[in-house]
Amino acid sequence: MNELRKKISEKVRNHKVSRTNSKSKKTSNNLSLYANLAHKRRTKKDAAAREKAEYLASLPKNPFLRFFARLHPKRVFKYWFSKKGLFMALKILGVMVLIGVISIAGLFAYFQKDLNQIRPEELAKRVQTTVSKYYDRNGELLWEDKGTGDYKLVVDSSEISDWAKKATVAIEDRDFYKHKGISVSGILRAVVNNFKGGATQGGSTLTQQLIKQVYFADESAERGLAGIPRKIKEMILAIEVERMYSKDEVIALYLNESPYGGRRNGIQSGAQTYFGKNAKDLTLPEAALLAAIPNNPAIYNPYNTQLNKSLVERQHKVLNDMVEMGYISKDQAEEAKKFDILASIKPEQDQYANMKAPHFVQEVKKKLEKELGVKVVRAGGLTVKTTLDLRAQNAAEASVATGATTLYTSGADNIALTSVDVATGQVIAQVGSVDYSKAGYGQTNAATSALDPGSSIKPILNYAPLFAKTDVVYTPGTVLRDENIDSLYCGGNSRSCQLRNATRAFYGNVPIRFSLGNSLNIPAVKALSIVGVNEGLKTAHSLGDLSYCSNNENAGLSAAIGGGCSVRQDEHTNAYASLARGGVYKPLSYVIKVENSSGEVLKEWKDSSTRALDEQAA
């Protein structure tokens, strides 16, 4: 029995030992695995340290030289194209994207507060064109700007030709039916095109352009960094508008708001003016021409005949873009290009058929656009009381018509007339040409154009300042000898230059009253020589001839007889009115009062005057 117990105890002991050995083996294996991992890490770390040490050892010891050695192109190239450089680039890119997203979100949040007063849901109400009315001083209607009767300027989408919509989308915003207000691809395409040196493009969508025209027209001239806030606001509002309106509504609003050259605002106005038809009846070549204009209405205005070639080139580009978009076939485009579109445009004077005093009214509008802004005048709804007296205007037009029958006797081909009220400086009549409908220059207002004044400048420039001199007294009876003064007038060019009177005769000792009454040239030049050219011009400008020799700092004695410098007739007339006022200058005026559709007074004439010349001299 004892023997059996010993054997069992021994077996149990052996089993325990074996289990212990097994555990010990496992532990040993685990320790070995950890040791290997640690060894590998240590080895990799050592290798990296060794590599770094070798790299540093290859660099100069001098810190200054070492800095530039690190920037060697080969080292920079090797780093950025290594795994380490790639990971670093990805990290930088990720941080930049994150910063960009946060910045954009912050900017949008910041500018959103400035847009709270703008209600995009009422955009359609703001896209409207009203009629501006121009009256004479007695309440007689001169013109209703932007059409009369059933001449509609804002039309529904169903009243606009599909060609006009497709042409506009093709040339202005190819992604219009894909984006939600802003187009990333459009921005990138514009950047690439501008970088390549192509025609300058903007990345704005049609919706953004609509927003700019309606809400930010006054800020549209801002460029560079100054224009960034407006761009952000445009983008925010464009997204809002696209949520509230369908694409068809947006394109219709855009076409109704867009400028089509001169006073033509809206697709219906352009269609009526240029082609005498409604927007829904536009043909392919007509729609392509109109779509070409809003990009730069001043340049592409069909009545800007000097740049018609540029307009036709852009119309062809519109047609080519429509082909690329799949809107028309290449054959349709070629057929449209062959159509003589310029020959089909109605004469400009047709739109002014019912306008009274057309040159005067156009000058009033031009001045209002300069003073109140193009956007205000284009928006319409103005009531303009002008300085014109229609009774005086009718008399002026009759006078010009009579004079036109005798033009051949003087070899002239045009007549202009301006009448200024002495008491106020207000223009009461103006005729700019012999016939407003005359081809070539009939629509040009010669009364406000720069023209040589000839001998009519003599009282203003020469004799008025001469009589005003105080150191030496000159009177109408003072003698200024009429003689050969070529050496004074011509300087060193006396051989090729001569100063003579119209009669080619010299009159000797004559008083100023005779010289002025007979428009002698030599005494007039002598008068300016005594006064001094600068003093003479100063007097002329003070009296109202503001534009005479205004850009000619080197004006000479030839200015005494109207040579080398030009002046506007309306200013020149007012300068004579200053003499009639006893030497008192009053600013030239065309407008008495302007009110907007709400009855708010935007401009009103106020009497003002300054002493320009001694009363006795006047």
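Novice: Explain the nonpolar core to me, please; I cannot follow it from the model alone.
Specialist: Within soluble globular proteins, side chains that are nonpolar generally end up buried alongside one another. Core analysis: the largest hydrophobic core is formed by 51 residues, its most contacted members being Leu123, Ile267 and Leu290. Of all elements in the fold, only helix H6 (162-172), helix H8 (206-215), helix H9 (228-244), helix H10 (247-257), helix H11 (267-275), helix H12 (284-292), helix H13 (308-324) and helix H14 (330-338) reach the threshold of two or more residues within this core. Those residues within four positions of Ile267 in sequence are excluded, and the remaining contacts are Val155, Ile160, Ala164, Leu255, Asn256, Tyr260, Ala279, Leu282 and Leu290.

Novice: Help me understand the confidence of the model for the chain in this model?
Specialist: Regions with low pLDDT carry predicted coordinates that are not meant to be interpreted in detail. Put simply, the chain has an average pLDDT of 83, and 80% of its residues get 70 or more. Low pLDDT, under 50, characterises residues 147-152; the predicted model gives this stretch nine contacts beyond four residues in sequence or across chains.

Novice: Can you walk me through the side chain of Ser161 in this structure?
Specialist: With respect to the helices, strands and loops of the structure, Ser161 is situated in the loop between strand E2 (141-145) and H6. By relative accessible area, which is 5% here, Ser161 ends up buried. At 3.0 Å, the side chain of Ser161 forms a polar contact with the backbone nitrogen of Trp163. In contact with Ser161, not counting residues within four places along its chain, are Ala279, Lys280 and Leu282.

Novice: I'm lost on the sheet that holds strand E1 (residues 132-135) in this one. Help?
Specialist: Within a sheet, each strand pairs with its neighbour through backbone hydrogen bonds, oriented either parallel or antiparallel. Taken in spatial order, the five strands line up as E2-E1-E3-E9-E10 in an open sheet, and their pairing is mixed. The open sheet has two edge strands, E2 and strand E10 (601-604), and neither has a second partner. In this sheet, adjacent strand axes meet at a mean angle of 10° when their direction is disregarded. Bridge analysis of strand E3 (residues 383-386) against strand E9 (residues 591-595) gives four bridges, and the strand direction is antiparallel. Considered in E9, the bridge of Lys385 is made with Lys593.

Novice: Where do I start with the packing of H6 against H13 in this structure?
Specialist: Relative orientation and spacing of two packed helices are given, respectively, by the angle between their axes and the distance between those axes. At a minimum axis distance of 8 Å, the contact between H6 and H13 shows a crossing angle of 95°. As far as their axial angle goes, H13 and H6 are roughly perpendicular. Mapping the contact onto sequence places Trp163, Lys166, Ala167, Ala170, Ile171 and Glu172 in H6 and Arg314, Lys317, Val318, Asp321 and Met322 in H13. In terms of residue class, the contact of H6 with H13 is made up of six nonpolar, no polar and five charged.

Novice: What's the story with the environment of Arg174 in this structure? I'm lost.
Specialist: Looking at the element boundaries, Arg174 is found in the loop between H6 and helix H7 (184-195). Sequence-wise, Arg174 and Ser185 are eleven residues apart; in three dimensions their C-alpha atoms are separated by 9.9 Å. Within the structure, the side chain of Arg174 is placed 3.1 Å from the side chain of Asp321, a separation counted as a polar contact.

Novice: What should I look at first to understand the state of the cysteines in this one?
Specialist: By definition, a disulfide is the covalent link that joins the sulfur atoms of two cysteine residues. Throughout the structure, instances matching the rule amount to two disulfides. Across the disulfide, Cys549 is cross-linked to Cys565 (sulfur-sulfur distance 1.9 Å). Here the S-S torsion is close to 110°, and the disulfide linking Cys549 with Cys565 is therefore right-handed. Here Cys549, found in the loop between helix H22 (533-543) and strand E7 (567-568), pairs with Cys565, found in the loop between H22 and E7; they are 16 residues apart in sequence, far enough to count as distant. You'll find Cys549 and Cys565 in the same group, each marked buried. The cystine pairing of the chain, numbering bonded cysteines in sequence order, is 1-2, 3-4.

Calculation rules
- Residues numbered from 1 in each chain as written.
- Predicted model: local features only at pLDDT ≥ 70, side-chain atom pairs only at ≥ 80, totals over all residues.
- Heavy atoms only, no water.
- Core = buried A, V, L, I, M, F, W, Y, C linked by side-chain atoms within 4.5 Å.
- Buried < 20%, exposed > 50% of the residue type's maximum accessible area, 1.4 Å probe, protein only.
- Helix = DSSP H or I, 4+ residues; strand = E, 2+ residues; numbered from the N terminus.
- Contact = heavy atoms within 4.5 Å.
- pLDDT = per-residue confidence, 0-100.
- Polar contact = N/O pair within 3.5 Å; in protein donor to acceptor, adjacent residues only side chain to side chain.
- Pairing = 2+ DSSP bridges.
- Axes fitted to C-alpha atoms, helices over the stretch in contact; angles between N-to-C directions.
- Parallel < 35°, antiparallel > 145°, perpendicular 65-115°, else oblique.
- Nonpolar A, V, L, I, M, F, W, Y, C, P; charged D, E, K, R; others polar.
- Disulfide = S-S within 2.5 Å.

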